[in-house]
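# Residue-level structure breakdown
One letter stands for each residue in the lines below.
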Amino acid sequence: MDYLDSLNEPQREAVINTEGPSLIIAGAGSGKTRVLTYRIAYLIQHKQVDPFSILSLTFTNKAAKEMRDRIERVVGTEARNLWMGTFHSVFARILRAEADRLGYNRNFTIYDTDDSKTLIKSIVKEQGLDDKVYKPNVVFNRISSAKNRLISWRSYQDNPSIRAEDEAAAKPHMAKLYRMYAERCFKSDAMDFDDLLFNTNVLFREHLDVLNKYQQRFRYVLVDEFQDTNVSQYLITKKLAAVRRNIAVVGDDAQSIYAFRGADIQNILNFQKDFSEAQVFKLEQNYRSTKNIINAANSVIARNKAQLKKHIWTANDQGELIEVIKATSDQEEGRLVAYSIFETKNNEHSRYRDFVILYRTNSQSRAMEEALRKRNIKYKVVGGLSFYQRREIKDLIAYMRYAINANDEQAFRRIVNLPKRGIGPTSVDKVIVTAYERGYDLWEVLQKAEELFPGRLGNALGQFTDMIKGFQLEAARKDAFEAASHIAKGSGLLRELYEDKTIEGLSRYENVQELLNAIKEFVDDPEAEDKSLSAFLQEVALLTSSDQDKDDDPDKVTLMTIHMAKGLEFPYVYVVGMEEDLFPSQMMLASRQDLEEERRLFYVAITRSMKRLTLSYALTRYRFGRLKNCEPSRFLEEIDPAYMMVNKELGTRSPVGDTNHARVLLKSIQRDRQRIPTNRSTYKAPANFAPSDTSQLAPGMKVEHPKSGFGRAENIDNQVANRKAKVIFDDFGEKTLLLSFAKLKIHDE
DNA sequence: GACTCCGATCTTTTT
DNA sequence: GATCGGAGTC
């Protein structure tokens, strides 16, 4: 077994100890994927385990594909028989096979987040509730987190403490919304992302014969990125492995960055409790980065309280100090980063694909893209708005979805009046309400439309229904490509786009053509067993933006969020937008846990770099279409300054260990953090502005000033004659105000 | 019911 | 800066 020779001791142990439960704690860059792939290869080659009985769960489709390819390189085509995929895709597949057990059709639709939110929006509206209070986002997140904790709408409704929470949040109708949302999804024969996991739990809980079947089938279960699993996912794997107990989980608590989605580091502790005989392997040697980068990363993560004990080290070179770029604006930041990439590439004969620019939020890509374009640097943006989220693509897919599942309410709403058929929102609501009131399926109502709605509406709906019947026949008889082409033409969608000769219209038309090409590719794939439209839709529903990696020219600078970068590595890494409120995000400052998650995110960003790490921040930045003053991120001060250098002039690098440089740098960052912003804000006092009595003003209170806008009281100087307050304003920085003169309004929170 | 214009809101991350 | 929903008009 020659591949075993390429492993270090702990890695080899983690590969060959295949029996029984294993917990593999794998630090950043410690060869985690290698261990996982070799462990599976070892099972197949050495232990003669049938690939069909190995289940390997990953977090992204991309990771699954990559791992399968790597295993295939070791064991050959047998690897194709592995059960390997994301939680969502694997269990969607199982749910389809067992759909009837739960009262679903095997062609059930998978709602994406947009579908879910639109549905919630219409329910809120139908209930006559205020959509300012019941914001679709908020309602959706509340339902989602309930499902991820395996709380059904029934137990939600019956749980007094949950109800009390909702009452306290002034959202007493939340339980009703959850119930209606669940019912509507079920009626539409649809599951959202969370349902795929939730319903798998229901399936395994209520149908023990089914559970037993899969327990027997999967002799070995492996879970990658275990720190990112939520309770729902953990319980599924726990149940599956309960009999054979061959379960290996691989993860790094320091890289847990999905708690906002219900991921729970607690799972690692629970695992050790539930599988008390588990062997623990720690992979602590980093093969990716320089000593300097590892040291810097360690100095940051050490500030987190919640973590498992481990010591990440590397035998690699000392390497270079971390560079910090300070820019006056986001545009200048882009220019400086682009220039740095340009210079580095020329001086060090590197390639564009060696570089990555990482940011906290997708919207930051724009400034970077502009700067790169100006320098003619080729780049690609990963993530962001994906191809499958474009309107025209969603439209055509909605048609295809509707041909497969004629009870899919969201698809129906999307397409019934596209192109215009004289069936507006009022009529659509009428149809949906009729279905609900009479207990009919949506499709039943449509088939009876001519009698239910005599007149123009009935006629229009009748024509629509006949058209859909034609599509259903196509979808049933022809392959996905022929059916999709037929639908694109027959619906009038293609013609409408074709007739739109604007630039956007042209590109929309091309996008639809591209979708059809993708379907053709799907049909032409010799390995695909099922070439039906239904099969294509199933694949597409769980695809994400990161999965559409177009080959073309691979030598490009990569731009992406830090979240998307997890698991990847690049020689040169730029982390841009190192500013307070942006990174750490203002939404995450609420609690210590949230701040620790941001810090882990920063840790992930640092540990992507192999050779050189550059951090940058800007003093001003456009946000929400407004110029905002920014303060350097606290994270910059959290790196031990011994590992950083001052950026006097690009290209000059100071030697490692030059503490004088470090001191100057720290000072400069601190100065920027305390700087008083001076530019004008657009704040305008409301007409009814009335100053409060400030005798009770205390530090920490939120205040409003008719000229300086909102701010927070920092400290109060209680001299009897002239009481003064130091206030930090959001837009004007710090000001000291005489309370006898200043008009301040105190805001309760 | 369709179309146009304006203002509110948004951005944290993703299966 | 972009998108979405509401109001107003035809």
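Okay, so let's go over this structure. Bear in mind the structure is a predicted one, so any value in this text is a computation, not a measurement. (Residues numbered from 1 in each chain as written. Chains lettered and ligands numbered in written order. Predicted model: local features only at pLDDT ≥ 70, side-chain atom pairs only at ≥ 80, totals over all residues. Heavy atoms only, no water.)

What chain A contains, in helices and strands, is 31 helices and 24 strands. Counting the 749 residues in chain A, one finds 52% classified as buried. Intrachain contacts of chain A at a sequence separation of at least 6 include 73% that bridge at least 24 residues. Accessible area for chain A stands at about 34600 Å²; split by element, carbon and sulfur atoms hold 48% of it. (Helix = DSSP H or I, 4+ residues; strand = E, 2+ residues; numbered from the N terminus. Buried < 20%, exposed > 50% of the residue type's maximum accessible area, 1.4 Å probe, protein only. Contact = heavy atoms within 4.5 Å. Areas by Shrake-Rupley, 256 points an atom, 1.4 Å probe, with all protein chains shown as cover.)

Before going further, it helps to examine the protein's contact with DNA strand B. Near DNA strand B there are 30 residues, and of these Arg261, Arg360, Ser427, Thr544 and Met587 occur at the shortest range. Asn362 has a polar backbone atom sitting 3.2 Å from a phosphate oxygen of DNA strand B. Across the surface near DNA strand B, the residue classes tally to eight nonpolar, 17 polar and five charged. (Near = heavy atom within 4 Å. Polar contact = N/O pair within 3.5 Å; in protein donor to acceptor, adjacent residues only side chain to side chain. Nonpolar A, V, L, I, M, F, W, Y, C, P; charged D, E, K, R; others polar.)

What follows concerns the protein's contact with DNA strand C. If you check the shell around DNA strand C, you find Lys121, Arg366, Phe624 and Gly625 and nothing else. When atoms of DNA strand C within 4 Å of the protein are split into backbone and base, the sugar-phosphate part holds 73%. For the surface near DNA strand C, a count of residues per class yields one nonpolar, one polar and two charged.

This brings us to helix α6 (residues 113-126). Given a rise of 1.5 Å per residue, 14 residues ought to cover 20 Å, and the 20 Å separating the end C-alpha atoms of α6 matches this to within 8%. Within the sequence span of α6, burial applies to Asp115, Ser116, Leu119, Ile120, Ser122, Ile123 and Val124. The inward-facing, buried residues of α6 abut β4 (109-111), α7 (136-148), α10 (174-187), β5 (190-192), α18 (391-404) and α19 (409-415). Here α6 starts with a cap whose side-chain oxygen sits 3.0 Å from the backbone nitrogen of Asp114, and that cap is Asp112. Trailing α6 by a residue or two, Gly128 shows a phi angle of about 70°, which is positive. (Expected span 1.5 Å × (residues − 1).)

The full count for this structure, using the stated rule, is 26 aromatic pairs. When the centroid spacing of 5.8 Å and the interplanar angle of 40° are considered together, the rings of Tyr402 and Phe412 count as tilted. Linking Tyr402 in helix α18 with Phe412 in helix α19, this pair joins segments that are ten residues apart in sequence. Using a relative accessible area of 0% as the deciding quantity, one classes Tyr402 as buried. Connected via pairs of aromatic rings, a cluster forms that spans Trp83, Phe204, Tyr214 and Phe218. The positively charged end of Arg184 is found above the aromatic ring belonging to Tyr436, 5.4 Å away from the centroid. (Phe/Tyr/Trp six-rings, centres within 6.5 Å; stacked < 30°, edge-to-face > 60°. Lys NZ or Arg CZ within 6 Å of the ring centre and 35° of its normal.)

Ordered by their spatial adjacency, six strands build an open sheet running β3-β2-β6-β7-β1-β8, and the pairing between neighbours is parallel. Where the open sheet ends on each side, the last strands, each with one partner, are β3 (83-86) and β8 (279-283). Pairwise comparison of adjacent strand axes, ignoring direction, gives a mean angle of 15° for this sheet. Relative to β8, strand β1 (residues 22-26) is paired through five bridges, and the arrangement is parallel. Among the inter-strand pairings, Ala26 is bridged to a residue of β8, identified as Leu283. Across the sheet, helix α4 (residues 61-75) lies against β2 (54-58) and β3, angled at about 155° from β3, the strand it touches most. (Pairing = 2+ DSSP bridges. Axes fitted to C-alpha atoms, helices over the stretch in contact; angles between N-to-C directions.)

The strand order across the open sheet formed by seven strands is β13-β14-β12-β15-β16-β11-β19, and the pairing between neighbours is parallel. Of all strands in the sheet, those bounded by a partner on one side alone are β13 (379-381) and β19 (644-645). Contacts from helix α15 (residues 291-301) reach β11 (322-327) and β16 (609-618), with the element oriented near 50° to β16. Contacts between helix α16 (residues 330-348) and the sheet are confined to β11, β12 (355-359), β14 (557-561), β15 (570-575) and β16, with β16 contributing the most and set at about 155° to the helix.

It is worth spelling out unusual backbone geometry at this point. Going from Leu418 to Pro419, the amide bond is cis rather than trans, its omega being -5°. Tracing the backbone shows Pro419 in the loop between α19 and α20 (425-438). Here Phe583 and Pro584 are connected by a cis peptide whose omega angle stands at 10°. You can see Pro584 is positioned in the loop between β15 and α29 (592-606). Its identity is not glycine, yet Asp581 carries a phi of approximately 75°, on the positive side. Tracing the sequence through the fold places Asp581 in the loop between β15 and α29.

The subject of this paragraph is the pairing of β1. Counted residue by residue, β1 has five buried out of five residues, so it is predominantly covered. Side chains Ser22, Ile24 and Ala26 of β1 all project onto a buried face; the interleaved residues Leu23 and Ile25 project onto the opposite face, where all are buried too. Where β1 and strand β7 (residues 247-251) come together, four bridges link them in parallel fashion. For Ser22, the partnering residue across the bridge sits in β7 and is Ala248.

This brings us to helix α11 (residues 193-206). For α11, which comprises 14 residues, the first-to-last C-alpha distance of 20 Å matches the rise-based estimate of 20 Å (1.5 Å per residue) to within 8%. By the criterion of burial, α11 is predominantly enclosed, with eleven of the 14 residues buried. Among the residues making up α11, those that are buried are Asp194, Asp195, Leu196, Leu197, Phe198, Asn199, Thr200, Asn201, Val202, Leu203 and Phe204. In this structure, the buried residues of α11 make contact with α5 (87-97), β4, α7, β5, α12 (208-217) and α13 (231-240). For α11, the capping residue at the N-terminal end is Asp192, with a side-chain oxygen 3.1 Å from the backbone nitrogen of Asp194.

Think of two packed helices as two axes; the pair is described by the angle between the axes and how far apart they sit. Contact geometry for α18 and helix α27 (residues 533-541): axes closest at 10 Å, N-to-C directions at 125°. Judged by the inter-axis angle, α18 sits oblique to α27. Between α18 and α27 the crossing geometry is left-handed. Residues Ile397, Met400, Arg401 and Ile404 of α18 pack against Leu533, Ser534, Phe536, Leu537 and Val540 of α27. Here the contact of α18 with α27 is built from residues that sort into seven nonpolar, one polar and one charged. (Parallel < 35°, antiparallel > 145°, perpendicular 65-115°, else oblique. Left-handed = near helix turned anticlockwise from the far one by under 90°.)

Our focus in this paragraph is the pattern of salt bridges. If you walk through the whole model with that rule in mind, you get 46 salt bridges. Across the pair Glu277 and Arg245 runs a salt bridge, and its minimum N-O distance is 2.7 Å. Separated by 32 residues along the polypeptide, Glu277 in the loop between α14 (266-274) and β8 and Arg245 in the loop between α13 and β7 bring together distant segments of the chain. Its salt-bridge partner being Glu409, residue Arg413 comes within 3.3 Å of it at the nearest N-O pair. One end of the pair, Arg413, and the other, Glu409, are both in helix α19, four residues apart, so they sit about a helical turn from each other. (Salt bridge = Lys/Arg side-chain N within 4 Å of Asp/Glu carboxyl O.)

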